[in-house]
Every structure is written in structure tokens, then in C-alpha cells.
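Chain residues, written in single-letter form:
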Amino acid sequence: MRQMAGPEMLNVGSHRIRVGPWREGGDHGYLVPLTAPDLLTETAIETAVARLAAQGYRTVLTAALLPEEQERFRNCGFVVDQRLHLLHATLDRSPAVAPTTVRLRRPHRGERSALLSVDHLAFDEFWRLDDLAFDEARRATPRARVRVAIDGPAVLGYAITGRAGHLGYLQRLAVHPHHQGRGIGLTLVTDALRWLHRRGVVRAAVNTQEHNDRALALYERVGFVRQVGGLAVLRREV
């Protein structure tokens, strides 16, 4: 039986790896290298896998890795499970404000369930956020910002944007499927990029699932460019 309730930090020599559940109630463990993945030793990776196996997880998934970061994991028996597009944009000017019929605001206290409800409708099961993953997305960068798109009392979408120095990240974008096509995603993205530009960010990154053509078209519309090789989540059965 699994015993791990949340993330745990492992220190293996000079290497640091966060391990924990991929999603609440599942059999997938999650491995996030905090040392540069291409510098991790195979011993450190095996230690993290063993820790997750000891907690009862049957499958271990990695964070999304660049092609050059994947070799050590492949040497430890990991294979590609999911592929992602990685896109970069240069923020040499502030994007124009997108025309919209919705209003953006900060999330209200107690609104987490409404945001996660939209998230679960917008993504397939593998990529849906739970409470733990939502918090992880907000804490992935030193500074983060959440904006909610509303129409009256209804929550139609939300975005999490992060920044670390002069680099920015669109951590999450979700729009209710019944309201897609209204420009809500465009409004959230341009608002996020304007926030990053005002704070001196020079380059922004975003990723999306390999077959999410709607999201890919949106990101390319506002100036993001696909990077060769993309990202991949790797998997190992334990």
C-alpha cells in the first residue's frame, strides 16, 4: 500500500530530487530532478526510483525533459511516455490587448474547486491537475500569478504565469470546453505576456501536448516558436 502523502526531497550526494505522487489516488510516482537532469548520476536516479517503489508506486514518471536531459534516464530503463511541444517567445515588446467579452481577476478564496473543475474538463485524465499539482505549478518559479476569466459568476478559464529573473513561463492555461472559440485563451495568454513584459522578462516558454492543435495554434499566433526536439515525459515500471 502506498504511504507517501506528498512530495519528499531526496539528497543523494550533491544531487537533489523531489519524489511524490503524480496525481492523488493513482499508482504513478513522480520524479523531479532539481539538479540539472543531464548532470544526475544513474545512482541518484536509481535511489529515487527505489524510494518510490518502496512507497508502493508501480510506475515512475519524470518531469518533462529536454532531449539532452533524457540520456541518463534512458540508461536506467526509462522510455518515452508522453511527448510535448516546447515553444519560446521573445518579449521585445508588449503584446496588444486582446479584445474580449470576459473579465480577468485574481482567484477568490475558496475558488480552487471551480478552477480544478475547469481544468478537468479542459484536459484528458493524464494531464489533469489535482490540488497538489496545482500548488506545484504555482510554486515552480520564484514569482507566480494566477488570473481567472469570468463571465458574470461563471469561471470560464484560468492561467498560471511564472517568472524567474528575466525568464517567464506560462505554467498552465485552461478554458472550459463549452466556451472555447470565444478568445478566452487569447485574452489570458496576452494578459500573461503583458505582465511578464512589464517586469523585464525577455523570453517566455510554454509547452503543450503533441496533439493539442488548438493550443499550439494559439501560442504560435501570439509569437511563440516551436523548439526542435520538444520535451518528453519518461516512464519506468517498477
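Residues numbered from 1 in each chain as written. Predicted model: local features only at pLDDT ≥ 70, side-chain atom pairs only at ≥ 80, totals over all residues. Heavy atoms only, no water.

## Looking at helix α3 (residues 112-122)
No. 1: Along α3, the residues that are buried comprise L115, L116, V118 and D119. Buried residues of α3 fall within an arc of 155° about the axis and therefore sit on the same side. (Buried < 20%, exposed > 50% of the residue type's maximum accessible area, 1.4 Å probe, protein only. Helix = DSSP H or I, 4+ residues; strand = E, 2+ residues; numbered from the N terminus. Arc of directions from axis to C-beta.)

## Here we look at the nonpolar core
No. 1: In terms of nonpolar packing, the biggest core is built from 27 residues, with Y219 and F224 touching the most fellow members.
No. 2: Put simply, the parts of the chain that give this core at least two residues each are β5 (79-90), β8 (154-164), β9 (167-175), α5 (184-198), β10 (203-209) and α6 (213-221).
No. 3: Per element, the largest residue contribution to this core is eight residues, and it comes from α5.
No. 4: Ignoring any residue separated from it by four or fewer positions in sequence, one finds Y219 in contact with L87, L170, L173, V189, V206, T208 and F224.
No. 5: Counting residues in hydrophobic clusters, the runner-up holds 26 residues, among them L84, I150, V155 and A174. (Core = buried A, V, L, I, M, F, W, Y, C linked by side-chain atoms within 4.5 Å. Contact = heavy atoms within 4.5 Å.)

## Remarks on the pairing of β9
No. 1: One ladder, built from eight bridges, connects β8 with β9; its direction is antiparallel. Residue G162 lies in a different strand from β9, and its bridge partner there is Y169.
No. 2: Linking β8 to β9, which pair antiparallel, is a turn of two residues; within it G165 sits at a positive phi near 65°.
No. 3: Pairing between β9 and β10: three bridges, direction parallel. Each residue of the ladder has a partner; that of L167, found in β10, is R203.
No. 4: Viewed along the sheet, the connection from β9 through α5 into β10 turns out right-handed. (Pairing = 2+ DSSP bridges. Right-handed = clockwise from strand over helix to strand, strands pointing away.)

## A few points about the environment of A64
No. 1: Among the structural elements, A64 can be located in the loop between β4 (59-62) and α2 (71-75).
No. 2: For A64 and V118, which are 54 residues apart along the polypeptide, the C-alpha to C-alpha distance reads 23 Å.
No. 3: Apart from the residues lying within four places of it in its own chain, the contact partners of A64 are L84, L231, A232 and V233.

## Examining the side chain of D119
No. 1: Along the chain, the position of D119 falls in helix α3.
No. 2: Here D119 falls in the buried class, since its relative accessible area comes to 0%.
No. 3: Side-chain polar atoms of D119 contact the backbone nitrogen of L129, separated by 3.0 Å.
No. 4: Of note is the side chain of D119, whose polar atom sits 2.8 Å from the side chain of R172.
No. 5: Excluding anything up to four places from it in sequence, D119 contacts W127, R128, L129, Y158, R172 and A174. (Polar contact = N/O pair within 3.5 Å; in protein donor to acceptor, adjacent residues only side chain to side chain.)

## Quick word on helix α4 (residues 131-139)
No. 1: Listed as buried for α4 are A133, F134 and A137. One face of α4 carries all of its buried residues, which in axial projection span an arc of 105°.
No. 2: Packed against the buried residues of α4 are α3, β8 and β9.

## Some remarks on the packing of aromatic side chains
No. 1: Per the counting criterion, the structure on display carries seven aromatic pairs.
No. 2: Summarising the aromatic geometry, the rings of W22 and W127 are spaced 6.2 Å apart at their centres and angled 70° between planes, so their arrangement reads as edge-to-face. Placement of W22 in the loop between β2 (15-21) and β3 (28-33) and of W127 in the loop between α3 and α4 is noted, with a sequence separation of 105 residues between them. For the pair shown, W22 and W127 are each scored as buried.
No. 3: Ring-pair connections join several aromatic residues into one group, and the members of that group are W22, Y30, F126 and W127.
No. 4: Over the ring of F123 we find R172, and its NZ or CZ is 3.7 Å from the ring centre. (Phe/Tyr/Trp six-rings, centres within 6.5 Å; stacked < 30°, edge-to-face > 60°. Lys NZ or Arg CZ within 6 Å of the ring centre and 35° of its normal.)

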